Amino acid sequence: MADPSSYRPKPGEIPDSPGVYRFRDEHRRVIYVGKAKSLRQRLANYFQDLAGLHPRTRTMVTTAVSVEWTVVSTEVEALQLEYSWIKEYDPRFNVKYRDDKSYPYLAVTMNEEFPRVQVMRGHKKKGVRYFGPYGHAWAIRDTVDLLLRVFPVRTCSAGVFKNAARTGRPCLLGYIGKCSAPCVDRISAEEHRELAEEFCDFMTGRTGTHLRRLEQRMTEAAEEMEYERAARLRDDIGALKKAMEKSAVVLTDATDADLIAVAEDELEAAVQIFHVRGGRVRGQRGWVTDKVEEITTGALVEHALQQLYGEETGDAVPKEVLVPALPDPVEPVQQWLTGRRGSGVSLRVPQRGDKRALMETVERNAQQALVLHKTKRASDLTTRSRALEEIAEALGLDSAPLRIECYDISHLQGDDVVASMVAFEDGLARKSEYRRFQIKSFAGQDDVRSMHEVITRRFRRYLADKERTGEWSDGEEPGAGAGTEAGGEATGVDGTPGPDGTAGAEGVPGPDGTAGGPAVPSASTLTEDDGRPKRFAYPPQLVVVDGGAPQVAAARRALDELGIDDIAVCGLAKRLEEVWLPDDDDPVVLPRTSEGLYLLQRVRDEAHRFAIGYQRVKRAKRFRSGPLDDVPGLGETRKQALIKHFGSVRKLRAATVEQICDVPGIGRKTAETIIAALAGAVPAGPAVNTATGEIMDDMDDMVDMDGMDDVEEPGKSGASPGEPVSTGAPDDRRGLER
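Please read these numbers as outputs of a predicted model, since none were measured by experiment.

The rules behind these values
Residues numbered from 1 in each chain as written. Predicted model: local features only at pLDDT ≥ 70, side-chain atom pairs only at ≥ 80, totals over all residues. Heavy atoms only, no water. Patch = residues over 30% accessible without salt bridge, like charges linked within 9 Å, V, L, I, M, F, W, Y side chains within 5 Å. Areas by Shrake-Rupley, 256 points an atom, 1.4 Å probe, with all protein chains shown as cover. Salt bridge = Lys/Arg side-chain N within 4 Å of Asp/Glu carboxyl O. Helix = DSSP H or I, 4+ residues; strand = E, 2+ residues; numbered from the N terminus. Buried < 20%, exposed > 50% of the residue type's maximum accessible area, 1.4 Å probe, protein only. Axes fitted to C-alpha atoms, helices over the stretch in contact; angles between N-to-C directions. Parallel < 35°, antiparallel > 145°, perpendicular 65-115°, else oblique. Left-handed = near helix turned anticlockwise from the far one by under 90°. Contact = heavy atoms within 4.5 Å. Nonpolar A, V, L, I, M, F, W, Y, C, P; charged D, E, K, R; others polar. Core = buried A, V, L, I, M, F, W, Y, C linked by side-chain atoms within 4.5 Å. Phe/Tyr/Trp six-rings, centres within 6.5 Å; stacked < 30°, edge-to-face > 60°. Pairing = 2+ DSSP bridges.

**Some details on a nonpolar patch on the surface**
A cluster of nonpolar side chains, namely L172, Y175 and I176, defines an oily patch on the protein surface of about 370 Å² accessible area. Among the structural elements, I176 can be located in the loop between α6 (172-175) and α7 (189-203).

**A word on the pattern of salt bridges**
Overall, the coordinates contain 28 salt bridges when judged by the stated rule. With its nearest N and O atoms 2.7 Å apart, the salt bridge here joins R458 to E405. Of the two residues, R458 is situated in helix α13 (residues 447-468) and E405 in strand β13 (residues 403-412); the sequence distance between them amounts to 53 residues. Residue R458 shares its accessibility class with E405, and that shared class is buried. One salt-bridge network, held together by shared partners, links D90, R403, E405, E425, R430, E433 and R458.

**Focus on the packing of helix α3 (residues 75-89) against helix α11 (residues 331-341)**
For the pair α3 and α11, the least separation of the axes is 8 Å and the interaxial angle reads 70 degrees. Put simply, α3 runs roughly perpendicular to α11. Considering the relative orientation of α3 and α11, their crossing is right-handed. Two secondary-structure elements touch here, α3 through E75, V76, L79 and Q80 and α11 through P332, V333, Q335 and W336. Classifying every residue of the contact of α3 with α11 by side-chain character gives five nonpolar, two polar and one charged.

**Some details on the nonpolar core**
In this structure, Y407, V454, I455, F459, V543 and I564 are the most contacted members of the largest nonpolar core, which totals 26 residues. Of all the secondary-structure elements, those providing two or more residues to this core are β13, β14 (415-425), α13, β17 (542-546) and α15 (549-561).

**Digging into the environment of S420**
Within the secondary structure, S420 is located in strand β14. Relative accessible area serves as the criterion here: at 0%, S420 is assigned to the buried category. Distance in space between the C-alpha atoms of S420 and Y434 is 7.6 Å, their sequence separation being 14 residues. Once residues lying within four places of it in the same chain are set aside, the contact partners of S420 are C406, Y407, D408, R435, R436, A607, F610 and A611.

**A look at the packing of aromatic side chains**
Tallying each qualifying case throughout the model produces 13 aromatic pairs. With a centroid separation of 5.6 Å and 70 degrees between ring planes, the pair formed by Y7 and F47 is classed as edge-to-face. Residue Y7 is found in the segment before β1 (19-24), and its partner F47 is found in the loop between α1 (39-46) and α2 (55-63); the two are separated by 40 residues along the sequence. Taken as a pair, Y7 and F47 share a single burial class, namely buried. For the ring pair Y21 and F23, a centre distance of 6.1 Å and an interplane angle of 90 degrees mean the geometry is edge-to-face. F23 shares its class with Y21; the two are buried.

**Notes on the sheet that holds strand β7 (residues 129-131)**
An order of β6-β5-β7 is seen for the three strands of this open sheet, with the pairing classed as antiparallel. This sheet does not close on itself; its edge strands, each paired only once, are β6 (117-120) and β7. Across the sheet, the mean angle separating the axes of adjacent strands is 30 degrees when strand polarity is ignored. Relative to β7, strand β5 (residues 105-108) runs antiparallel, the two being bridged by three bridges. The residue bridging A107 from the neighbouring strand is Y130, located in β7.

**Brief notes about unusual backbone geometry**
Following D328, the chain continues to P329 via a peptide bond in cis, the omega torsion being 0 degrees. Within the chain, M225 stands out as a residue other than glycine whose phi angle is a positive 60 degrees. Structurally, M225 is set in the loop between α8 (208-223) and α9 (227-245). For D583, which is not glycine, the phi torsion reads 65 degrees and is therefore positive. Examined against the element boundaries, D583 turns out to sit in the loop between β19 (579-580) and α16 (595-623). Overall, the relative accessible area of 78% leaves D583 in the exposed class.

**Focus on α11**
The set of residues buried in α11 consists of P332, V333, W336, L337 and R341. Check the buried side of α11 and you find it contacts α3, α10 (297-309) and β12 (346-348). A positive backbone phi angle near 95 degrees is found at G342, which sits one or two residues after α11.

Next up, the structure:
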């Protein structure tokens, strides 16, 4: 625990100007970011008597060992820089809202030639129109199913669309009238885009125009005695009205507004947001946060606004934002919102009328969300604490292992050997800390040797980071093997440079998309001013390996060779679920009802899932590789252009240099390289259909046309029953993976 007076700036050093400050801990990690109208006045508050500080603030200043600041011109700039730093450094003592779920959106991909309507989650993409968020994905699908009667926009994936275009037959939705079938040219790209625009107009609340137009067309059809067409239009009108009923009118003035409500207690706060467009509630979402600092409701609102609109621009920021309390001061926040939107934004507290009534509804939702979260968390915290205590007691640890790392090796009969590392903190998965490795120091199947290599690589990097930051105590020396990677030249596992003279970072995809070997922390990735969490900077209290005594012994030997003796090691063997410790002849057997055993099983299973998913991706990539993959400088875009132009590798192989140069983006030198590569490549052998036994003579064409654009999803098998498979390919359908 540090004494704040030891790093308190001298009088007169802190400027009396707007700015952003950050506290760092002993590992140079940024642990808190804040902004101030006057840096001198704000920072002085942190260096008063500890007894007068809020408990969480006291913990923060005693954890920190230094403070630094950046002066800016205005409070708006300070707000923007604070948001950027919180997003970049992820400081542990800042308020960070956690989505209580990954909310689905209704998305229209207007950036494609034929826009597609689909459900999307995660980060928003440029050129895509989003509506929502919705509480459930099925709510989106119900709405889309109703609207497709009137706006038959494409909903199929790229693979289905291409297949329909190649065969000349639309999918089922095209036959039943819920898709305009642009894949078979029933409608032009321009007409289909107009349909998509009308769909977006309806979703934004401009519903009256479409209803009036359909009613007029229905009346005209009835007058012309085209009763079947009039009946279809009547049903379309009913579908639109039914879709509108799913979002009732809450504001009679057709306002576009976001309503934010906060429910809080001394420890936590819940935020609920209602998105109102055209007077109707179009989406709802909620966040929960730990109050790790002393903070007012207005400050919570300010953080929520940063989280909500930090990445948004234009119409995504509404004209009106209604909140329970205004930030102090409110002017910089309002200017920031105006800048994000590009026009004026009203930020205020509703006092009466429909908006006040709706705000009360949002507040009730926030209260219920907080109660539900606390109920779940109380149960989770108790269970996780008991599990960690049971593990510590069974393994003879001095304290509960707050960070656990688990390693697993995966391969298919000795091919594509990979490893995974998963991290659990406080009993919860920390997926941002997951890493994956390729085994490159040897070929073949040897789980023990692979485990030794992976543990060595992971902790060698940790020692290099530790030495670089000067964390060695007096008289302490780096462990064996750390000096190689700390010296400044990237080397492979065995101390030799990689194939290209360099080595990729641990678990980081290299230039070819594969994970690299061990690497030296360079100035670009590990700088003195970089307060972000380092890739391998956090040591675990417990290392778990998937396996028995041999794997445990290999992991322990790797740590001993590096001079690391303060990290516990154990292994969890499958079948009997026995826990093995180094140098123990007999395993530790935990009760089947033990929460500690259940946590170890979850950690082990997660490592196995992560490893086998990576192994399948590598195997699928190897199976689907072709002669064009070996052409230097030929990327995916130009490979696809070549296959699209010639139709298959067979036809490309027979083409001349001049014909290849006709493909956009292909020069004469590249064409000559392609000719040479294809001339030296061995043509693929015959392929068979595993369902019928039929020899596929034109397999080259099928693979080339079908397989270029689609990337196999991790965790899925490389082939399906009935799919043509090369006769020389290993059979991966017999459960041979490990």
